[in-house]
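One-letter residues, chain by chain:
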Amino acid sequence: MDSMIDLRSDTVTKPDDVMRAAMAAAEVGDDVLDHDPTMRALEERVAGLLGIEAALWVPSGCMGNLIALTQHLGRGDRFLAVKHAHVVDSELGTGSWIAGGAPVPLEPDEQGMLRPEDVRNTDGRYDMQRTTLLCIENTANFLGGTVTTPERHRELVATAHEQGLKVHLDGARLWNSAISQGVPLSVLAEGVDTVQVCLSKGLGAPVGSLVGGSAAFVAEARRMRKMLGGGVRQGGVLAAAGMVALDRMEELAEDHANARILADGLVDLGWEVIRPATNIVMATPPAYITPVELASVGVAAFALIGKIRFVTHRDVSKTDVTQALAKIATLHEGR
Ligand SMILES: *Cc1c(COP(=O)(O)O)cnc(C)c1O
């Protein structure tokens with residue numbers, strides 16, 4: 001059998017020769033002592049793209065989110081996030097047991113966006129938890145890569161701030177949202193207190209995220225990164241990969257086109273599919289097909305929240321996607 005078409009996640013993307021050459025040639029220093037020059041350049045570039053004062057490189061998106069949550073939450077606090085948000089479902093509960101807040105999962109609207117009317121501070125009585133934070137996930141991973149529009153983003157941020165809540169944007173795939181909607185990243189990060197973005201997903205870097213906000217936040221974030229063991233020395237080798245990754249943002253449009261092809265093909269096979277706005281296809285097969293069966297015909301995907309999740313990325317081509325559909329079709333024969 002020919003090799004597996006890996007649609008489990010856009011994190012499986014491998015650095016290509018151009019990226020590896022940039023890593024090899026990177027100018028480096030000791031980032032833990034006094035900043036690595038390539039790290040600094042990457043942080044400044046990302047802060048500029050997001051329209052924030054400052055940003056800090058961190059090894060992973062989870063660490064970036066956790067650092068932000070530790071700044072916004074204390075014991076007895078609550079934080080709001082969409083149901084199945086990464087900070088709620090997929091970070092080992094660290095928002096609670098390290099940052100100290102209890103998650104309140106919110107039901108999204110039909111487009112997969114949070115509703116401003118749900119952003120409320122239930123504070124009031126001394127024996128009730130305070131709601132101190134709203135987390136927006138754009139794109140919303142487990143909802144099918146859905147996007148929050150600039151209008152909704154502004155409403156959510158304004159409502160949160162009126163209610164005295166801080167806003168953290170989990171923008172692991174904010175690039176996908178921006179490219180899909182044809183808007184600048186800074187518009188999707190407008191007004192937030194903190195934001196986290198991943199270089200290691202669709203952009204293809206092997207490692208790295210950035211967390212940012214005000215300069216004061218980043219100064220605290222640097223201390224917290226140190227506490228969590230996330231400071232690295234000659235990090236320029238990694239930051240150089242991030243620089244190349246950022247040059248490739250526009251190419252995410254191809255992943256989105258491939259996701260639409262995949263979704264259309266699955267619909268033709270009788271699957272129930274959430275129309276993809278970006279590179280994530282959440283789908284339910286007509287008769288249950290397990291990821292094990294998919295793998296047996298050469299397609300790797302994950303079972304998540306009762307559905308099957310396919311993610312397109314720069315290491316799968318349009319041809320790979322049509323081949324994947326042909327392979328999946330063989331599972332339907334005779335059923
Ligand atoms: C992947 C992801 C993260 C965490 O990133 P890691 O680098 O895997 O720690 C956070 N939020 C969302 C929405 C993600 O998809």
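Placed above this text is the structure.
On a predicted model such as this, the values are computed, not experimentally measured, just so you know.

Caption draft 1: Expanded view of the overall build of the protein. When helices and strands are counted, the protein shows 14 helices and 13 strands. The C-alpha radius of gyration computed for the protein amounts to 20 Å, which stays within 12% of the reference 20 Å derived for 335 residues, consistent with globular compactness. Each principal axis of the C-alpha distribution contributes one length, and for the protein these read about 60 × 55 × 35 Å. Taking all 335 residues of the protein together, the buried fraction comes to 55%. For the protein, the share of sequence-separated contacts (at least 6 apart) that also reach a separation of at least 24 residues comes to 75%. For the protein, the computed accessible surface area is about 13,900 Å², with 53% contributed by carbon and sulfur atoms. Between the averaged position of the 31 positive side-chain charges in the protein and that of its 43 negative side-chain charges there is a distance of 4 Å.

Caption draft 2: Inspection of the state of the cysteines at higher detail. Under the criterion given, the structure shown has zero disulfides. Cysteine C62 is unpaired, with the sulfur of C198 as its nearest cysteine sulfur at 8.0 Å. Looking at C62, the relative accessible area reads 32%, which means it is partly exposed. C62 provides the cysteine sulfur closest to C135, a residue in no disulfide bond, and the two sulfurs are 13 Å apart.

Caption draft 3: Region of interest: helix α3 (residues 37-50). In this model, α3 (14 residues) spans 20 Å end to end at C-alpha, consistent with the 20 Å of a helix rising 1.5 Å per residue. Turning to α3, its buried residues are T38, M39, L42, E43, V46, A47 and L50. Positive phi appears at G51, one or two residues downstream of α3, with a value of about 70 degrees.

Caption draft 4: Representation of the site of the ligand. In the vicinity of the ligand, 13 residues are found, and the nearest of them are G61, C62, D170, R173 and K201. Between an oxygen atom of the ligand and a side-chain N or O atom of N141, the distance comes to 3.1 Å. Note that an oxygen atom of the ligand is positioned 2.9 Å from one of the side-chain N or O atoms of R173. Surface burial for the ligand is 86%, taken as the share of its 380 Å² of free accessible area covered by protein chains. Residue contributions to the shell around the ligand peak at three residues, all from helix α4 (residues 61-72). Tallied by class, residues from the shell around the ligand come to three nonpolar, five polar and five charged.

Caption draft 5: Summary view of the packing of helix α12 (residues 252-268) against helix α14 (residues 318-332). Where α12 contacts α14, the axes come no closer than 9 Å and their chain directions differ by 15 degrees. Classified by the interaxial angle, the pair formed by α12 and α14 is roughly parallel. The hand of the α12/α14 crossing is right-handed. Of the residues in α14, those in contact with N258, I261, L262, G265 and L266 of α12 are K318, V321, T322, L325 and I328.

What counts as what
- Residues numbered from 1 in each chain as written.
- Predicted model: local features only at pLDDT ≥ 70, side-chain atom pairs only at ≥ 80, totals over all residues.
- Heavy atoms only, no water.
- Helix = DSSP H or I, 4+ residues; strand = E, 2+ residues; numbered from the N terminus.
- Rg over C-alpha atoms; globule rule 2.2 N^0.38 Å.
- Buried < 20%, exposed > 50% of the residue type's maximum accessible area, 1.4 Å probe, protein only.
- Contact = heavy atoms within 4.5 Å.
- Areas by Shrake-Rupley, 256 points an atom, 1.4 Å probe, with all protein chains shown as cover.
- Lys, Arg positive; Asp, Glu negative; His and termini not counted.
- Charge placed at Lys NZ, Arg CZ, Asp CG, Glu CD.
- Disulfide = S-S within 2.5 Å.
- Expected span 1.5 Å × (residues − 1).
- Near = heavy atom within 4 Å.
- Polar contact = N/O pair within 3.5 Å; in protein donor to acceptor, adjacent residues only side chain to side chain.
- Nonpolar A, V, L, I, M, F, W, Y, C, P; charged D, E, K, R; others polar.
- Axes fitted to C-alpha atoms, helices over the stretch in contact; angles between N-to-C directions.
- Parallel < 35°, antiparallel > 145°, perpendicular 65-115°, else oblique.
- Left-handed = near helix turned anticlockwise from the far one by under 90°.

Remember, this is a structural readout, not a statement about activity or role.
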